[in-house]
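Reading the structure
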Amino acid sequence: MRTFRWGIVGCGNIARFHAKAIQELDGVRLVACVSRSEGSAKKFAQEFGIRWYPTLDELLDNVDVISVCTPSGSRKDIVLKAVSRGVHVITEKPIEVSLPAIDQMIEAAERHGIVLGCIFQSRFGKAEQELKKLLDAGEFGRIVLGEVDVRWFRSQEYYESADWRGTWKYDGGGALMNQSIHSIDLLQWYLGPVVRIFGWAKTLARRIEVEDTAVAVLEFQSGALGVIKGCTSVAPGFARKLGIYGSKGSAEIVGEALVCYGSQTPKGEVLMSEEGDTSSDPMAFPYQNHKRQLADFLNAVREGRPPLVDGKEARKSVELVLGIYKASKEDAVVKLPLK
Ligand SMILES: NC(=O)c1ccc[n+]([C@@H]2O[C@H](COP(=O)([O-])OP(=O)(O)OC[C@H]3O[C@@H](n4cnc5c(N)ncnc54)[C@H](OP(=O)(O)O)[C@@H]3O)[C@@H](O)[C@H]2O)c1
């Protein structure tokens, strides 16, 4: 079996989750990193016993796959360069912050025959995977309502901890585009395409450019309705909730626990639960879901198939969030797909 050489671009918080996960995977070797500043790259290289390179070009000469862990709005040029050099790419979420940038990345990856993926590690959680199976099996009858409830807390210090946080250019948005996007991605994965959306996104509690408090209502192509609450302004921060409600039963993921009201458990029972609570601490989650997703990505590269979350899948939640921003700005219902 060929051993793939893996590199990391952007040596900050989430890069460490990738590094730990990659070092536990078979058939791959974490070999190198590059960052904006030499200091971050050197420190990271020492921490994980790998090489660091001063430039992206030099890194790309020495790897087969990269994880892009730089700020959300800085990925397009990195991805375009990597795929043109035959290097497979998995980015952090969101894949980028504008649809033209994402479309360029998807087109370039396809043209060069490169696998492009994006981390949405929640899709690999045990609760989330089980809920997908139950939904696909029709356990809950006709789904009528989906709900995302993210009432989290991020302090002013959090936003000031890096110059890109809370900016339109590099964060691409706030409570929706950065934090709630995991649950928004799950909602559309479970219930399918959204056709209409209305919402308000406001900055109420933090000194940032982007929203810290947002609400939206939506209609799915199936006819089901949806509600999204996305906040980073709420003290003390509550466990996120994702609800799927149907004519024969319902399920809620509360924190990392799946509570199911189905044919076997009509009164509601925790079917499964894992650790992790990012309601007030952004990094308080285990890297196991990253490891599962990176393993899927690696298998996709080996097998020449798309990963579970490829560029097109990753585009969907960004489009939804941009739809909410448009609705809020224009004070009008917005139809999807966005023109
Ligand atoms: N999947 C998840 O649950 C999850 C969790 C957290 C973050 N993320 C995502 O991961 C990405 C990075 O987040 P993070 O928390 O790891 O951020 P971070 O700690 O600030 O790390 C970002 C790194 O990227 C480098 N960088 C490159 N270009 C940059 C630029 N133009 N401005 C600022 N930094 C730049 C920085 O390098 P230097 O240090 O060399 O300057 C920094 O070390 C974001 O897109 C975020 O949405 C995902």
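Scroll up for the structure.
Values in this document were obtained by computation on a predicted structure and should not be read as measured data.

A few points about the nonpolar core
- Ranked by size, the top nonpolar core spans 73 residues in total, and within it Leu59, Ile66, Leu131, Leu187, Tyr190 and Ile228 carry the most contacts.
- Here the element with the most residues in this core is helix 8 (residues 175-191); it accounts for nine residues.
- Per-domain counts for this core show at least three residues from each of domain 1 (4-121 + 289-310) and domain 2 (122-281 + 317-335).
- Those residues in contact with Leu131, other than ones at most four positions away along the chain, are Phe140, Tyr190, Ile244, Ala251, Ile253 and Leu258.
- Of all hydrophobic cores here, the second largest spans 31 residues; its members include Ile8, Leu30, Tyr287 and Ala300.

Considerations on the state of the cysteines
- All chains considered together, the criterion is met by zero disulfides.
- In this model Cys11 remains outside any disulfide bridge; the closest cysteine sulfur is found in Cys33, 3.9 Å from its own.
- Distance from the sulfur of Cys69, which forms no disulfide, to the nearest cysteine sulfur (Cys11) is 8.3 Å.

A short note on the site of the ligand
- In the neighbourhood of the ligand, 26 residues make up the surrounding shell, with Ser35, Ser37, Ser40, Ser72 and Arg75 lying closest.
- Residue Gly12 places a main-chain N or O atom 3.3 Å away from an oxygen atom belonging to the ligand.
- Summarising the interface, the protein chains cover 87% of the accessible area of the ligand, which totals 890 Å² for the free molecule.
- Its residues assigned to classes, the shell around the ligand shows nine nonpolar, 11 polar and six charged.

Conventions we followed
Residues numbered from 1 in each chain as written. Predicted model: local features only at pLDDT ≥ 70, side-chain atom pairs only at ≥ 80, totals over all residues. Heavy atoms only, no water. Core = buried A, V, L, I, M, F, W, Y, C linked by side-chain atoms within 4.5 Å. Buried < 20%, exposed > 50% of the residue type's maximum accessible area, 1.4 Å probe, protein only. Helix = DSSP H or I, 4+ residues; strand = E, 2+ residues; numbered from the N terminus. Domains from an automatic or database assignment. Contact = heavy atoms within 4.5 Å. Disulfide = S-S within 2.5 Å. Near = heavy atom within 4 Å. Polar contact = N/O pair within 3.5 Å; in protein donor to acceptor, adjacent residues only side chain to side chain. Areas by Shrake-Rupley, 256 points an atom, 1.4 Å probe, with all protein chains shown as cover. Nonpolar A, V, L, I, M, F, W, Y, C, P; charged D, E, K, R; others polar.

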